[in-house]
Number of protein chains: 2
Amino acid sequence: MDKRLLAVAGGKEPADVVIIGGQVVNVYTGEVYPGGVAICGQSIAAVGDVDYAIGEGTQVIDAQGAFITPGFIDGHIHPESSDLAIRPFAEAVLKHGTTSIMTDLHEIGVVSGIEGIEAVLAENEATDLNLYFVVPSHVPFSPALETSGASFDPGIIREALKRPDAVGISECVGPYILADFPDLMESLDDVAGMKGKTAQGHLVEMRGPDLNKCVAAGVSTCHEALSAEEILDRARTGVHAMLRESSAARTLAQQLDAIVGKDIDTSMMSIVTDDLHCCDLAATGHLDHHLKIALEKGVPFAKAIQMVTINAARAFELTDVGALAPGKRADIALVAGDTAETFEVVSVWSRGKQVVDHGSMLVHYEPAQHDPCLLGTTTLLNPITADSFKIAAPAGAKRVKVTCMDTLPWIPITQPREVELECVDGYVACDVAQDVLYIAQVERYGKNGNVGKAFMGGFHMTSGAIASSVGHDNHNVIVMGTNFEDMAMAVNHLIEIGGGQCLVDGGEVVECVSYPVCGLLSDLSCEELAAQKDKLNAACAERGCIIGIPFMFLSFICLAALPALAITDHGFVNVMTLQVEDPVKEVVE
Amino acid sequence: MDKRLLAVAGGKEPADVVIIGGQVVNVYTGEVYPGGVAICGQSIAAVGDVDYAIGEGTQVIDAQGAFITPGFIDGHIHPESSDLAIRPFAEAVLKHGTTSIMTDLHEIGVVSGIEGIEAVLAENEATDLNLYFVVPSHVPFSPALETSGASFDPGIIREALKRPDAVGISECVGPYILADFPDLMESLDDVAGMKGKTAQGHLVEMRGPDLNKCVAAGVSTCHEALSAEEILDRARTGVHAMLRESSAARTLAQQLDAIVGKDIDTSMMSIVTDDLHCCDLAATGHLDHHLKIALEKGVPFAKAIQMVTINAARAFELTDVGALAPGKRADIALVAGDTAETFEVVSVWSRGKQVVDHGSMLVHYEPAQHDPCLLGTTTLLNPITADSFKIAAPAGAKRVKVTCMDTLPWIPITQPREVELECVDGYVACDVAQDVLYIAQVERYGKNGNVGKAFMGGFHMTSGAIASSVGHDNHNVIVMGTNFEDMAMAVNHLIEIGGGQCLVDGGEVVECVSYPVCGLLSDLSCEELAAQKDKLNAACAERGCIIGIPFMFLSFICLAALPALAITDHGFVNVMTLQVEDPVKEVVE
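Residue numbers run consecutively from 1 along every chain, following the written order of its sequence. Each chain takes a letter, starting from A, and each ligand takes a number, starting from 1, following the order in which they are written. The model is predicted, so local features are restricted to residues of pLDDT at least 70 and side-chain atom pairs to those at 80 or more, both for listing and for counting; the totals for chains, interfaces and linings are taken over all residues. The basis for the side-chain values is all heavy atoms of the structure; hydrogens and waters are excluded.

Novice: Explain the overall build of chain A to me, and be specific about the residues and the numbers.
Specialist: Labels follow the DSSP assignment, with helices taken as runs of H or I lasting at least four residues and strands as runs of E lasting at least two, numbered in each case from the N terminus. In terms of helices and strands, chain A carries 16 helices and 30 strands. Just to be clear, the radius of gyration here is over C-alpha atoms, and the globule rule we use is 2.2 Å times residues to the power 0.38. In terms of C-alpha radius of gyration, chain A reaches 25 Å, essentially the compact-globule figure of 25 Å for 589 residues. In terms of overall dimensions, chain A has C-alpha extents of about 90 × 50 × 45 Å along its principal axes. Relative accessible area decides the class of each residue, using a 1.4 Å probe on protein chains only: under 20% of the type maximum gives buried, over 50% gives exposed, and in between gives partly exposed. Across the 589 residues that make up chain A, the buried fraction comes to 65%. Restricting the contact set of chain A to residue pairs at least 6 apart, pairs at least 24 apart contribute 68%. Summed over its atoms, the accessible surface of chain A is roughly 19,100 Å², and 50% of this surface lies on carbon and sulfur atoms. By definition, residues are in contact when any of their heavy atoms lie within 4.5 Å. Per-residue and other accessible areas follow the Shrake-Rupley method at a 1.4 Å probe size, with only the shown protein chains counted as cover for residues.

Listed below in structure tokens is the structure:
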């Protein structure tokens, strides 16, 4: 029992900080009314009429009519998608009013295992961001189809669930539940037996009996609904529906059609970002940006705020965050307006500490001294040369029919395209004119030296090669190019610097971003990294690339769970059959 | 993992029971739409379109357009106030659609300790009523001012909290928190440290800093708001507000003014009964009656249903009850209409078992073989005679000024009245003409033989005496009468039969109801007991009593926590000073 908090709440001692002159957004009742908040230490002592808590030594802050909301909660985000290490990431989202996130740090786990995740969780402790850990339910997603740095079994997950900051398991894949995948069912059983832990779903396109089975198995949230109908269907079925606007899937506005202008209870809905690119974070913000979309769309102000605060807290059965009330964590945002035009995060407190004042950061977190398990994670078993990427032509063939995988331009979903390619010196040559490039994934944990190879379309690059050590769900090095030499150089450069993303053209590293942490993350600030990434992406665009965020697209093209085709270190994967295929289909002449 | 449930939910096996042709009341989204529910074992397998779950052996029930709601939850009720043992109580409330209750069994605890409570919880296991145990935070309320059969310390409470059916602690008294009462603060600390356990408040008239302190201390619900303003104030402060309509306090309609016609989020509000007399239960029902009040008042149907289902579940952080969704407990009510006039519980399922069919009970629970600790709880240390009740007059006094406590006619709140009484044979005589009767409480655990004595007004009884072994918060025998002989006979009769309530007049037991269980509860059915109680109350009314439920009033007049005056076995208690006083104030002549 915090005796001083009780004394302050009860009016016997003065508060540390009192915010007055605001408009309290009460997420319990959905009301907005004049008032303030009194803070004692890391907790809220009083809300509403708080003048009584002002005494000697109290810092009094005049909100000047700003709206006072709870700090925002992102119920589903992968910080790794920002390419920022956890400390600069924390700085970046706190600036936008986000004080809590729920995350599985899945990508860290894929590279460095639970030890790596624990190291990142420890790094975050130096920040003011409240991080709830949702234990990854699969590391990696497709162990039979990819090589990863680490893998999880139910025992690892069970132990991780015992952490006090663990709130459940994440990304329970619908088809795995339908197939009664034993490891996942075991973990779901573990969650069911632990009070206050939940199972987060990844229920793409699931409805009816399939959805019912996943819910009966214990899944209680899902962030994979794409349409308004799916959102409503999940909420009706007892699944907390996370409306998502990510850098790769911009579907929030259409999902909001489920509630706008309708008399629907929104308590089972929240807004999340899932994967948020550092360039978007730098340019448009975090949940504050999403709130503007919701307000623009016509969601009432208090309801919109509920969707990034108390609703998210309730989805995780958390009672100490997401609302302004005595005893809750003093996570508070002051926002300037209640319309899409005027909405802006002005000041932010996390655990009672002011971290943002009128848009300026009051805190800065130095880069962490990273645990050794997070560093030097790129190792080749065998040297990579131009020859490593050659796909052998059938003996004597001059021309072959090949399956090229094309990405859609707006989302990294792949589709097959039949093309004819020339054979040169016994291998199949790419054809820039037809937008058929080489693509490969190089195993980078020094385990087996695998190189998976295939052909890629949709990017429309015309020269050079790009490579990245970020690739779901194994984070081997993915490389795409117009020639083998640039591809080899790009891969070797990344291995040498411990991971990153680069463009090589004509035997020269044109642009490069370094990701020393797990080959995934940078210690730069969000703005610095966004500037480097902008240059890198611009250099790709100069070479014809029509995909604005080519590296994020590449990272999903290695995902053996995303239809219809993928490339992993095991080879060219048909996601529908879960088999590795030869991209060369037949000899034409 | 219930594999058959998953198979049924997923459409691979037929359901046990499928209800079709209803109107699903979806408490998640607040919608009502055509559909049904599929049941597998004790759980719901599907909701909405459930035709796919019908197969060979499935019992198909046509709801014929009835509304399908979750079984009702009473988040705060003392079953003992019905004077029914737990089994007939369960039968009585199930009939009205209530499938879950949260209760502290405080009265059992006062008489027979935690052992007695555990025995009653075990008795309930033979029923279909889902009982969540909220551990009493004080047994008895005022140990310095009353003698009880048992008392609790924080160690007993801590152990009880570990029970899987324990969901928190109950009746945390506001003034005790304000006074930092050490035992209570220790229990609140214990609750804060246990996931999924909550602290239920008893925060009479608390607002502002006092309320803030109680909330900061961890109190998360309260059922003691009387007005709409207090309801709203609690919800705004993060306290789940239980709107109460009890047999002793009929305040629901006025509390509903907080929300009717207003755009207030009601997720932090539920409807409870607290103390429900068996006569009310028999005559008007349980939460179904309260729902009619809410509908009559203009609460939208789905919102009203939420207030007796999901809202109550959320207040206790329970996720397996209170809603219709795959994997939830199959607690279901069919109700005939959605207006005050048409609303009626038609059929009820609890844990998948149908217990009510078109208003008829399908189950009957035989009286329990009570644990010995629940029986024979009335023992006198010394014989009780007419002399036991005499209040000595000051030496030589003929006429004295006395403080008589009067009850208000609509609520058992007492107020002082100064009266002059004659002295006869050295004691102070009552005066029926002035409506001043004798009242006393006789210690009945064989511990110290205490008899507390005072004068009572407000009942307007003109002859005889009534006695009861039900008296908060100690359940000693309370007796009120116009003469000492009838009082002694009434007390001795109750001691002899092991507890109950009776009216004695002219040396004859006119009416008597027997409560063999802890001196508090009957094994009769609700209807049988209500009939006996009606006769008993009618006999009191024939003797001038203007209080319709005199025994429930008496039971609260011994409560040393209820202003302004009380009678316990320690004596005449001034509740404001917490001191025992002499009712005789001065000699007039």
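Moving on, there is more to tell.
Novice: Give me the lowdown on the environment of Gln306(A), citing residues and values where you can.
Specialist: Residue and element names in this part refer to chain A. Inspection of the secondary structure assignment puts Gln-306 in helix H12 (residues 301–306). Here Gln-306 falls in the buried class, since its relative accessible area comes to 4%. Considered as a pair, Gln-306 and Ile-271 are 35 residues apart in the sequence and their alpha carbons are 9.5 Å apart.

Novice: Any details on the sheet that holds strand S9 (residues 166–173) of chain B? Residues and values, ideally.
Specialist: Through backbone hydrogen bonds, the strands of a sheet pair up, either in parallel or in antiparallel fashion. All names here are of chain B. Taken in spatial order, the eight strands line up as S6-S7-S8-S9-S10-S11-S12-S13 in an open sheet, and their pairing is parallel. Pairing within the sheet leaves two strands with one partner each, and these edge strands are strand S6 (72–74) and strand S13 (269–272). Direction aside, the axes of adjacent strands within the sheet are offset by 30° on average. Strands pair, by our definition, only if DSSP identifies at least two bridges between them. Two elements, strand S10 (residues 198–202) and strand S11 (residues 219–222), share three bridges in a ladder whose sense is parallel. Within S11, the residue paired with Gly-201 across the bridge is Cys-222. Here an axis means a line fitted to C-alpha atoms, over the contact stretch when the element is a helix, while the angle between two N-to-C directions is reported on a 0 to 180 degree scale.

Novice: Got a sec to walk through the relation of the copies chain B and chain A? Specific residues and values, please.
Specialist: Take chain B, turn it by 180°, move it 0.0 Å along the axis, and it overlays chain A with an RMSD of 0.1 Å. Expressed as a symmetry operation, the mapping of one chain copy onto the other fits a two-fold axis. Comparing interface residues between copies, 100% of those in chain B also lie at the interface in chain A; the contact surface is shared. The fit set for superposing copies consists of C-alpha atoms from residues with pLDDT of at least 70 in both; the fit itself is least squares.

Novice: Which residues make up the sheet that holds strand S27 (residues 565–568) of chain B, and what are the values?
Specialist: Residue and element names in this part refer to chain B. Pairing is antiparallel in the open sheet, where three strands are placed in the order S27-S28-S29. Pairing within the sheet leaves two strands with one partner each, and these edge strands are S27 and strand S29 (579–581). For this sheet, the mean inter-axis angle between neighbouring strands, taken without regard to orientation, is 40°. With four bridges connecting them, S27 and strand S28 (residues 571–574) associate as antiparallel partners.

Novice: Give me the interface of chain B and chain A: which residues, what numbers.
Specialist: Bring the parts together and some accessible area is lost; that lost area is often taken as the interface size. Between chain B and chain A, the residue contacts involve 46 residues of the former and 46 residues of the latter. Both sides together, the interface formed by chain B and chain A hides about 3,800 Å², and carbon and sulfur atoms give 58% of it. When a carboxyl oxygen of Asp or Glu lies within 4 Å of a side-chain nitrogen of Lys or Arg, that pair is called a salt bridge. At the boundary of chain B with chain A, the tally comes to two salt bridges. Residue Arg236(A) pairs with Glu31(B) through a salt bridge whose shortest N-O separation is 2.7 Å. Throughout this description, a polar contact denotes any pair of N or O atoms lying within 3.5 Å of each other; where both atoms belong to protein, one of them has to be capable of donating a hydrogen while the other can accept it, and for residues adjacent in sequence the pair is counted only when both atoms sit in side chains. Viewed at the interface, chain A and chain B are joined by 14 residue pairs in polar contact (both at pLDDT 80 or more). Computed with a 1.4 Å rolling probe, the buried area is the accessible surface lost when two parts are put together, summed over both parts.

Novice: Hey, could you go over the pattern of salt bridges for me, with residue numbers and the actual values?
Specialist: All names here are of chain A. What the rule picks out here adds up to 44 salt bridges over all chains. One salt bridge connects Asp-505 with Arg-543, and the closest N-O pair in it is separated by 2.6 Å. Pair noted here: Asp-505 is in strand S25 (residues 500–505) and Arg-543 is in the loop between helix H15 (526–542) and helix H16 (550–557), with a separation of 38 residues, a long-range link. When salt bridges that share partners are traced, they join Arg-158, Glu-186 and Asp-190 into one network.

Novice: Tell me about the packing of helix H2 (residues 86–94) of chain A against helix H3 (residues 106–124) of chain A, and please be specific about residues and values.
Specialist: All names here are of chain A. Contact geometry for H2 and H3: axes closest at 9 Å, N-to-C directions at 50°. Relative to H3, H2 is oriented oblique. Pair H2 / H3 crosses with right-handed handedness. Of H3, the residues touching H2 (which contributes Ile-86, Arg-87 and Ala-90) are Val-120, Glu-123 and Asn-124. The nonpolar class holds Ala, Val, Leu, Ile, Met, Phe, Trp, Tyr, Cys and Pro. Asp, Glu, Lys and Arg form the charged class, and all remaining residues, Gly among them, are polar. Classifying every residue of the contact of H2 with H3 by side-chain character gives three nonpolar, one polar and two charged. Should an angle lie under 35 degrees it is considered roughly parallel, over 145 roughly antiparallel, and from 65 to 115 roughly perpendicular; all remaining angles are considered oblique. Put simply, a crossing is left-handed when the front helix is turned counterclockwise from the back one by less than a right angle, and right-handed when it is turned clockwise.

Novice: Break down the packing of aromatic side chains for me, with residues and values.
Specialist: Any pair of Phe, Tyr and Trp rings, taking the six-membered ring for Trp, is counted once the centres come within 6.5 Å. Such a pair is stacked with planes under 30 degrees apart, edge-to-face with planes over 60 apart, and tilted for the rest. A complete count under the given rule lists twelve aromatic pairs over all chains for this structure. An angle of 70° between the planes, with centres 5.3 Å apart, marks the rings of Tyr427(A) and Phe484(A) as edge-to-face. Placement of the pair is Tyr427(A) in strand S20 (residues 427–428) and Phe484(A) in helix H14 (residues 484–497), with a sequence separation of 57 residues. Seen from their ring centres, Phe67(B) and Phe301(B) are 5.0 Å apart, and the 65° between their planes marks the pair as edge-to-face. Here Phe67(B) is found in strand S5 (residues 67–70), whereas its partner Phe301(B) is found in helix H12 (residues 301–306), with 234 residues between them in sequence. Neither Phe67(B) nor Phe301(B) differs from the other in exposure class; each is buried. In textbook terms, an aromatic cluster arises when at least three aromatic residues are bridged by ring pairs, as seen for Tyr427(A), Tyr438(A), Phe455(A) and Phe484(A). In this arrangement the basic side chain of Arg236(A) is found over the ring face of Tyr33(B), its NZ or CZ atom lying 4.2 Å from the centre. By definition, being over a ring means that NZ of Lys or CZ of Arg is both within 6 Å of the ring centre and within 35 degrees of the ring normal.

Novice: Explain the side chain of Asp288(B) to me, and be specific about the residues and the numbers.
Specialist: Residues and elements named next belong to chain B. Structurally, the position occupied by Asp-288 is in helix H11 (residues 287–297). A polar atom in the side chain of Asp-288 sits 2.7 Å from the side chain of His-96. For Asp-288, the contacting residues outside a window of four places in its chain are Phe-72, His-96, Phe-343 and Val-345.

Novice: A description of the side chain of Glu230(B) should follow, citing residues and the corresponding values.
Specialist: With respect to the helices, strands and loops of the structure, Glu230(B) is situated in helix H8 (residues 228–236). Arg234(B) provides the closest opposite charge to the buried, unpaired Glu230(B), separated from it by 4.6 Å. Counted as positive: Lys and Arg. Counted as negative: Asp and Glu. His and the chain ends are not counted at all.

Novice: Any chance you could break down the confidence of the model for chain A for me, citing the residues and the numbers?
Specialist: The pLDDT value tells you how sure the predictor is about a given residue, anywhere from 0 up to 100. On average, residues of chain A carry a pLDDT of 97, and 100% of them reach 70 or more. For this predicted complex, the interface confidence reaches an ipTM of 0.94, while the overall pTM sits at 0.95.

Novice: Report on the packing of helix H4 (residues 154–161) of chain B against helix H6 (residues 182–192) of chain B, specifying residues and quantitative values.
Specialist: Any two packed helices are characterised by how steeply their axes cross, that is the angle between the axes, and by the distance between the axes. Residue and element names in this part refer to chain B. With their axes 9 Å apart at the nearest point, H4 and H6 run at an angle of 20° to one another. One element, H4, and the other, H6, form an angle in the roughly parallel class. In the packing of H4 onto H6, the handedness of the crossing is right-handed. Where H4 approaches H6, its residues Pro-154, Ile-157, Arg-158 and Leu-161 are matched on the opposing element by Asp-183, Glu-186, Ser-187, Asp-190 and Val-191. Of the residues contributing to the contact of H4 with H6, the split by class is four nonpolar, one polar and four charged.

Novice: So what's going on with H15(A)? Which residues, and what values?
Specialist: Residues and elements named next belong to chain A. Helix length check: H15, at 17 residues, gives a terminal C-alpha distance of 24 Å against a target of 24 Å (1.5 Å per residue), a fit within 8%. Among the residues making up H15, those that are buried are Cys-526, Leu-529, Ala-530, Lys-533, Leu-536, Asn-537, Ala-539 and Cys-540. In the core, the buried residues of H15 are packed alongside H2, helix H10 (278–283), strand S23 (465–468), S25, strand S26 (508–514) and H16. Two residues or fewer past H15, Gly-544 is found with a positive phi of approximately 95°. Helix span, as expected, comes to 1.5 Å for every residue beyond the first.

Novice: Report on the environment of Pro412(B), specifying residues and quantitative values.
Specialist: Residue and element names in this part refer to chain B. Assignment of secondary structure puts Pro-412 in the loop between strand S18 (399–407) and strand S19 (414–424). Classification of Pro-412 by relative accessible area gives buried; the value is 6%. It is 29 Å that separates the C-alpha atoms of Pro-412 and Ala-315, two residues lying 97 residues apart in sequence. Look past the residues within four positions of Pro-412 in its chain and what remains in contact with it is Ala-248, Thr-407, Phe-553, Phe-556 and Leu-562.

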